[in-house]
Amino acid sequence: MPSFPGGNGALFQYLANNIKYPVDAQKKVIEGRVVVTFIVEKDGDISDIRVIRPVYPSLDKESIRVIGTMPNWNPGKSKGESLRVRYNIPIAFRLK
């Protein structure tokens, strides 16, 4: 399986530091968990980003934006060969 540089802890820290809660969703007090799918390419690049479990349009759009700005991942490998791998990730939006 592919991995984010620094592991899952670094991935969740990256998301926490880079997600900007959309103002319209804040005003309407909309929370939820958007599930995003994407492909980690052979070179670690991210492509084909899609929402597979939407919550609210601006939350879905922000999820796609933040996934698209991630640094390259460590690609998945099989028998030493890099592979294209589809990866799903939930992104939680919670108001404090």
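Residues numbered from 1 in each chain as written. Predicted model: local features only at pLDDT ≥ 70, side-chain atom pairs only at ≥ 80, totals over all residues. Heavy atoms only, no water.

A. Quick peek at the pattern of salt bridges. With the rule as written, the count across this model stands at four salt bridges. Across the pair Arg84 and Glu41 runs a salt bridge, and its minimum N-O distance is 2.7 Å. Here Glu41 lies in the loop between strand 1 (32-40) and strand 2 (46-53) and Arg84 lies in the loop between strand 4 (81-83) and strand 5 (85-93), a separation of 43 residues in the sequence. The salt bridge partner of Arg86 is Asp48, with a shortest N-O separation of 2.5 Å. Separated by 38 residues along the polypeptide, Arg86 in strand 5 and Asp48 in strand 2 bring together distant segments of the chain. On the accessibility criterion, Arg86 (36% relative accessible area) is partly exposed. Residue Asp48 is classed as partly exposed on the basis of its relative accessible area of 37%. Beyond isolated ion pairs, a larger network of salt bridges with shared partners links Asp48, Arg50 and Arg86. (Salt bridge = Lys/Arg side-chain N within 4 Å of Asp/Glu carboxyl O. Helix = DSSP H or I, 4+ residues; strand = E, 2+ residues; numbered from the N terminus. Buried < 20%, exposed > 50% of the residue type's maximum accessible area, 1.4 Å probe, protein only.)

B. Quick look at the side chain of Glu62. Position of Glu62 relative to the elements: it lies in helix 3 (residues 57-68). A polar contact of 2.7 Å, which involves the side chain of Glu62, links it to the side chain of Arg65. (Polar contact = N/O pair within 3.5 Å; in protein donor to acceptor, adjacent residues only side chain to side chain.)

C. Quick peek at helix 1 (residues 7-18). Between its first and last C-alpha atoms helix 1 spans 17 Å; for 12 residues at 1.5 Å apiece the expected length is 16 Å, and the two agree. Looking at helix 1, one finds that the buried residues are Leu11, Tyr14 and Leu15. Mapping the buried residues of helix 1 onto a view down its axis gives an arc of 95 degrees, with all of them on the same face. Seen from the buried face of helix 1, the exposed residues on the opposite side, beyond 90 degrees, are Gly9, Ala16 and Asn17. (Expected span 1.5 Å × (residues − 1). Arc of directions from axis to C-beta.)

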